[in-house]
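Structural features, examined
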Protein chains: 4
Amino acid sequence: MRFLSDNTATACPEILAAIEQANHGLVRAYGDDPWTERLDGVFSEHFGTPVRAFAVATGTAANSLALATLSPPYGAIFAYHEAHIAVDECGAPGFFSGGAQLALLPASHGRLDAATVGTAFANHPRGVHGVQPAALSLTQATELGTAYRPAEVAQLAELAHRAGLKVHMDGARFANAVAFLGCHPADVTWRAGVDVMSFGATKNGALTAEAVVFFDLTLVRDFELRRKRAGHLLSKSRYVAAQLLAYLESGIWKRNAARANALAQRIGIAAGAALLHPVEANEVFLNLGVARRAALRTAGFDFYDWGPEPAGEARLVVSWDQREQDVHALCAALARS
Amino acid sequence: MRFLSDNTATACPEILAAIEQANHGLVRAYGDDPWTERLDGVFSEHFGTPVRAFAVATGTAANSLALATLSPPYGAIFAYHEAHIAVDECGAPGFFSGGAQLALLPASHGRLDAATVGTAFANHPRGVHGVQPAALSLTQATELGTAYRPAEVAQLAELAHRAGLKVHMDGARFANAVAFLGCHPADVTWRAGVDVMSFGATKNGALTAEAVVFFDLTLVRDFELRRKRAGHLLSKSRYVAAQLLAYLESGIWKRNAARANALAQRIGIAAGAALLHPVEANEVFLNLGVARRAALRTAGFDFYDWGPEPAGEARLVVSWDQREQDVHALCAALARS
Amino acid sequence: MRFLSDNTATACPEILAAIEQANHGLVRAYGDDPWTERLDGVFSEHFGTPVRAFAVATGTAANSLALATLSPPYGAIFAYHEAHIAVDECGAPGFFSGGAQLALLPASHGRLDAATVGTAFANHPRGVHGVQPAALSLTQATELGTAYRPAEVAQLAELAHRAGLKVHMDGARFANAVAFLGCHPADVTWRAGVDVMSFGATKNGALTAEAVVFFDLTLVRDFELRRKRAGHLLSKSRYVAAQLLAYLESGIWKRNAARANALAQRIGIAAGAALLHPVEANEVFLNLGVARRAALRTAGFDFYDWGPEPAGEARLVVSWDQREQDVHALCAALARS
Amino acid sequence: MRFLSDNTATACPEILAAIEQANHGLVRAYGDDPWTERLDGVFSEHFGTPVRAFAVATGTAANSLALATLSPPYGAIFAYHEAHIAVDECGAPGFFSGGAQLALLPASHGRLDAATVGTAFANHPRGVHGVQPAALSLTQATELGTAYRPAEVAQLAELAHRAGLKVHMDGARFANAVAFLGCHPADVTWRAGVDVMSFGATKNGALTAEAVVFFDLTLVRDFELRRKRAGHLLSKSRYVAAQLLAYLESGIWKRNAARANALAQRIGIAAGAALLHPVEANEVFLNLGVARRAALRTAGFDFYDWGPEPAGEARLVVSWDQREQDVHALCAALARS
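Another aspect to go through is the relation of the copies chain B and chain A. Superposing chain B onto chain A takes a rotation of 180° combined with a translation of 0.0 Å along the rotation axis, leaving an RMSD of 0.0 Å. In symmetry terms, the pair is related by a two-fold rotation axis. The residues that chain B uses at the interface reappear at the interface of chain A in 98% of cases, marking a shared surface.

Structural data, given as structure tokens:
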């Protein structure tokens, strides 16, 4: 029973159906097709404001292409010290930006707070000897399965803007955060000051489709050239665009996220005192101890060890298509152990 | 009637079927899945030698990731001056390699010849003041729709190896070249000295799937890290791997290429004296003159202008799913005009 | 008798004296010293307009730092195909810019002409698939010892600006060009449309001192950060600044250049029909034939072979401190042979 | 009275004399001159082992060029979190390496210890998702004016080598460390496992001269090309080489360092309980409190605030040419306050 990652999931039937419907006729390549051309409109509708939205194949590409439009090569990108961009992308932000440096900050439950961020901005040395503060990157939902509240994003973004930085949101699990918060997608993005976001769909039911969404429209031309140059402009663009359209228009973004969140919350409740962080998305972090963790694995549950050993911590991720019976079995095993 | 590019085509039914068959069950992400794990074996079988094969989403990524494993930042990459890597990838080789410089050479009908390449190697300045010859990149089929013969590849690769360079093949239309030559895929690749190739499937019937194939296995680790870092390691890798497996195992690689080639040859014959280059793949280049070219467009044929104006040249590309009646109409229009 | 390069020369007494005069007292590092602080004023005086001037240690650094402020990573830099930036800097423009591509053009006697440049701009493909025209780089005096006239620079710069490009001048031998033209330094720089220049002093009498001079003052902040990051902000900045001040204020820039030019012209006259390019600076290019060239070398003259063999071409460079008797001997040898 | 930095000092008479002696005759450029050619020998003599030594103009260049030979673009460079390469070089390691990431570690008194480093290596994630441990950089003397003992360097280097990393030493104040330790230069470099070092001379009496010294000779070719490409191969190389030769052969490296160290120790003693770190080189770090620090400044002493406010910390650096009376005055002021 696989709780390793939501990347282990299948694609939604609605997504496959959309691909098949797009598979007719000869259309122009590289985005001049009817599907890709609808992206801006459908994303603008979703966010309730005019945006530009671009398809790419991976979250790493989305994050780093977005960050490269925000940071010069001599820029500093502020982020949580366990952020995906810091530890899971093999240095991609440095590659795409031409050498920008990450300025990594501690955070409670994965959420950066205003005091930490404000101090970091204030203490960052000025002058030509240091890298220049350029961007703040927030992950929503965070790497620890929590979600920033709209007011938190707004406060951090205001700090960033006042200090001359732009704000990026890594929304690989954005749908899970919005489903949990019960807010409008705008509330934790442009209305709160986000300039550009990585909008994830792959983990939540797409085949392979992510988007970069620009609320700050001045950055678009630079992005388009960087995307092409990085090999992330797909020739048969219609197939990724079709996935993104279906993802938003069919409502599966919310349905899938809400289902995974709900199952994750059941696991969190079953875990009781072992729970390390509030369950506000589809990830559950547990402090099981080494023996109990091993027993769970022996019982047939697959998941990743997490954090420093020998604490015996574990991360369990619920996918959109996770079988209810597996979650039930996991909850039972946790309650028993 | 669309003759703009083979990127305008749909995906083959066999490809869609393979994606659907892969859409079952939770499997590990990032390539630790049964489909991706079969790639090396199936590609080794295809090429008749042990290779390592890696899926990526675009041809630009395949080319530049491959070249970055062959060239240091201070390297020179020799290629035809109208090569796709030189004019159609927004400087991607420079980006992926950290600044390698292209050394661009003239070629007759898009095929570099030994005299030109040998002279370029011999005349390239030595010492630390110039970039260092690192790689030779050959496109097969070429950007002008011709195909290198096995002996030609072997001669160029030998020149390169003797001068200390590695050999890359841009095989975006590799199937078309092999179908035309009637040779074994090995004959124009590793047996002729190619070290690494970009293996295209997208233009010839895949949804979105390219591979980087290493005949020189020492380059693999460097590649894997560069791929991840560039955002080209797909999380749900199974869906691209499944396409590549179906592409090779079902035989559509050859069937589709042979069909497109045959239709292109009919166009070439119909074009008569207007034909600029031998038709050895699925592309036809014509010198129509501005008036005749405009008339063709008015008659409903879509294609790109090509070359310097006001010569009135045109490129017409036949896709794997091109309707025979459209080709028939085009031939008739060419014969008439 | 050494005619290899003006880099083989010593430093001028005035330069050494300036260094010694600067060698007193503790002053702030990294440019906050009285010598460095005078650079802007003295260069503004020299050019007759407000400029910002920055010291760096080498011409390669000056060129590439300047170009990196003009070109994004996906930019194209247009230059003569034998330009120093193209063949003698080991790919530095690609390194400093993050992968910009050189678009190399032919030129008669090393001087780009408006027709060639205009056509190149016009033919450069638009859209995201190609690198974006960003900068035109002119070398003054050129790599072939000729000098652009003010009207020529102005015409090329106007073409560039109209097409959205910025203009860089590689002035490694700028003094030689100005001495030959008899014009004001402004006439072939900002008045003619140059945005930023590499201002050479090393070849013409300095110890090791070059400057980057900005006529377009908006580029300065970006430059300062790139310079620091590239290790070209000198800690004991006063010693390079003192050289540049002495170079301009003592008048040696003109005296040294005029002397070298005059000696070079004598060689050009002695060479007669062997002369390949007009002598408009301190370099002489000769078509001697292999035998005569070898004889000259046997007679004790040191110089570089140039151009494709077996034509037997040679480049001879006169340094500011070249002994007159050596030039006399060379002229005699040329006349004899 | 200036205690800001040893970069504020003048150049030693021996250095200026060496430059003047080198200022005769025409010699080949770019390092093919008698001074540069002696560098390898004189540095090999200094270190008691065959080395290759290369002149560059700045310490930032020395550090980052060295690190770029040790780390691929996807590498991790481990260093003290306040290391010069981390906070004072505007991201230079990321620029020169093509995006390598710094992995920053805490240290007591600026000296990394084996436990911290060992844990960091052990905990660094494997696999393609993270940057790959590539180099460990140690600063000697450290940024906090302390010196690693030979056994400490050896222990750290062994950890690094066992984990597959190379070892770099930032020796901007190497002479001060060696003078303090009373050891042979070999004892804290190659004999202790250092692979390449940045060898500083500028702060300790040179005009502007640093060296990169390779104990691992396999890295040299890569370095030479990177140096040229970064604009750090000086055309009139003799003038920097002459400084480095004089620096070692005249013995000023030791004399100057010993003098500055001794004066710094007097300040440390005068500071008493305010001393933050042992004085093992020419830097003194004091915890004065804001009021006392301001008073010192009012009394005419120039220095940098250091560390987080409002602690009132200060860094005072003694230069090789610091006037004894200034140090005397400073000691008196500290004792009084």
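In this complex, chain A contributes 19 residues to the contact, which on the side of chain D involves 18 residues. Of all the elements in the fold, those that place two or more residues in the side of chain A that touches chain D are helix H5 (92–97) and strand S3 (101–105) of chain A. For the side of chain A that touches chain D, the per-class residue count stands at 11 nonpolar, 7 polar and 1 charged.

All names here are of chain D. Reading across from one edge, S1-S7-S6-S5-S4-S2-S3 is the order of the 7 strands in this open sheet, with mixed pairing throughout. Of all the strands in the sheet, the pair left with one neighbour each is strand S1 (52–56) and strand S3 (101–105). Between one strand axis and the next, the sheet turns through 25° on average, direction left out of account. The pairing of strand S2 (residues 75–80) with S3 spans 5 bridges and is parallel. When the sheet's bridge partners are listed, Ala-79 is paired in S3 with Leu-104. Helix H9 (residues 220–229) contacts S1 and strand S7 (210–214) of the sheet and is inclined by roughly 10° relative to S1.

All names here are of chain C. One open sheet accounts for 7 strands, arranged S1-S7-S6-S5-S4-S2-S3; its pairing is mixed. Either end of the sheet is taken by a strand with one partner, and the two such strands are strand S1 (52–56) and strand S3 (101–105). Averaged over all pairs of adjacent strands, the angle between strand axes in this sheet comes to 25°, irrespective of strand direction. Docked against the sheet, helix H9 (residues 220–229) engages S1 and strand S7 (210–214), running at close to 10° with respect to S1.

Of the transformation superimposing chain A on chain D, the axial component is 0.0 Å and the angular component is 180°, with the fit at an RMSD of 0.0 Å. The residues that chain A uses at the interface reappear at the interface of chain D in 95% of cases, marking a shared surface.

Before going further, it helps to examine the interface of chain B and chain A. Opposite the 40 residues of chain B that make contact, chain A presents 39 residues. Across the side of chain B that touches chain A, the residue classes break down as 17 nonpolar, 16 polar and 7 charged.

The subject of this paragraph is the environment of Pro-72 of chain B. Tracing the sequence through the fold places Pro-72 of chain B in the loop between helix H3 (59–70) and strand S2 (75–80). Along the chain, Pro-72 of chain B and Leu-245 of chain B lie 173 residues apart, while their C-alpha atoms are 32 Å from each other.

Residues and elements named next belong to chain B. Of all 5 residues making up strand S6 (residues 196–200), 5 are buried, and the element is well covered by its neighbours. With burial as the criterion, each face of S6 is covered, one bearing Val-196, Ser-198 and Gly-200 and the other bearing Met-197 and Phe-199. Where strand S5 (residues 166–171) and S6 come together, 4 bridges link them in parallel fashion. Residue pairing for S6: Met-169 is matched across the bridge by Met-197. On the question of chirality, the crossover connecting S5 to the parallel S6 by way of helix H8 (residues 174–181) is right-handed. Relative to strand S7 (residues 210–214), S6 runs antiparallel, the two being bridged by 5 bridges. Along S7, the bridge assignment pairs Phe-199 with Ala-211.

All names here are of chain B. Look at H3 against helix H9 (residues 220–229): their axes get within 9 Å of each other, and the N-to-C directions meet at 135°. Between H3 and H9, the interaxial angle falls into the category oblique. The way H3 lies across H9 gives a crossing that is right-handed. Side by side, H3 and H9 meet where Leu-65, Ala-68 and Thr-69 of the first sit next to Asp-222, Phe-223, Arg-226 and Arg-227 of the second. Residues of the contact of H3 with H9, tallied by class, amount to 3 nonpolar, 1 polar and 3 charged.

Right, let's get into the domain arrangement of chain A. Residues and elements named next belong to chain A. According to the domain assignment, chain A consists of domain 1 (11–250) and domain 2 (253–336). One C-alpha centre belongs to domain 1, the other to domain 2, and the line joining them spans 27 Å. Counting residues at the interface gives 18 residues for domain 1, matched by 17 residues for domain 2. At 5 residues, helix H8 (residues 174–181) tops the list of elements feeding residues into the side of domain 1 that touches domain 2. Of the residues in the side of domain 1 that touches domain 2, the class split is 10 nonpolar, 7 polar and 1 charged.

Here the focus is unusual backbone geometry. Cis peptide bonds are those with omega within 30 degrees of zero, and the linkage from Gln-140 of chain B to Ala-141 of chain B qualifies with -10°. Locating Ala-141 of chain B in the fold gives a position in the loop between strand S4 (132–139) and helix H7 (150–162). Its identity as a non-glycine residue notwithstanding, Tyr-30 of chain A has a phi of 60°, on the positive side. Of note, Tyr-30 of chain A is situated in the loop between helix H1 (13–22) and helix H2 (34–47). The backbone of His-109 of chain B shows a phi angle near 55°, a positive value even though the residue is not glycine. Inspection of the secondary structure puts His-109 of chain B in the loop between strand S3 (101–105) and helix H6 (114–123).

In this structure, Gly-164 of chain D sits in the loop between helix H7 (150–162) and strand S5 (166–171). Remark: the alpha-carbon pair of Gly-164 of chain D and Leu-144 of chain D, spanning 20 residues in sequence, is separated by 28 Å.

Take H9 of chain C next. Residue and element names in this part refer to chain C. Among the 10 residues that make up H9, 7 are buried, leaving the element largely enclosed by the rest of the structure. Residues Phe-223, Glu-224, Leu-225, Arg-226, Arg-227, Lys-228 and Arg-229 constitute the buried set of H9. Directly beyond the C-terminal end of H9, a positive phi value near 75° is found at Gly-231.

Turning next to the pairing of strand S2 (residues 75–80) of chain A. Across a regular strand the side chains alternate sides, sitting on one face of the sheet and then on the other. All names here are of chain A. Counting buried residues along S2, 6 of its 6 residues qualify, which places the element largely inside the surrounding structure. Of the pairings in the sheet, the one linking S2 to strand S4 (residues 132–139) comprises 4 bridges and is parallel in character. Across the sheet, Phe-78 pairs through a bridge with Leu-136, a residue of S4.

Bringing the environment of Val-220 of chain C into the picture now. All names here are of chain C. Mapped onto the elements, Val-220 comes out in helix H9. For Val-220, a count of 16 C-beta atoms within 10 Å gives the class partly exposed. Linking Val-220 and Thr-69, residues 151 residues apart in sequence, is a C-alpha distance of 8.3 Å. When sequence neighbours within four positions are dropped, the list of residues in contact with Val-220 reads Arg-52 and Phe-214.

Thresholds, definitions, all that
Residues numbered from 1 in each chain as written. Chains lettered and ligands numbered in written order. Predicted model: local features only at pLDDT ≥ 70, side-chain atom pairs only at ≥ 80, totals over all residues. Least-squares fit on C-alpha atoms with pLDDT ≥ 70 in both. Contact = placed C-beta atoms within 7 Å. Helix = DSSP H or I, 4+ residues; strand = E, 2+ residues; numbered from the N terminus. Nonpolar A, V, L, I, M, F, W, Y, C, P; charged D, E, K, R; others polar. Pairing = 2+ DSSP bridges. Axes fitted to C-alpha atoms, helices over the stretch in contact; angles between N-to-C directions. Buried ≥ 20, exposed ≤ 12 C-beta atoms within 10 Å, placed from the backbone. Right-handed = clockwise from strand over helix to strand, strands pointing away. Parallel < 35°, antiparallel > 145°, perpendicular 65-115°, else oblique. Left-handed = near helix turned anticlockwise from the far one by under 90°. Domains from an automatic or database assignment.

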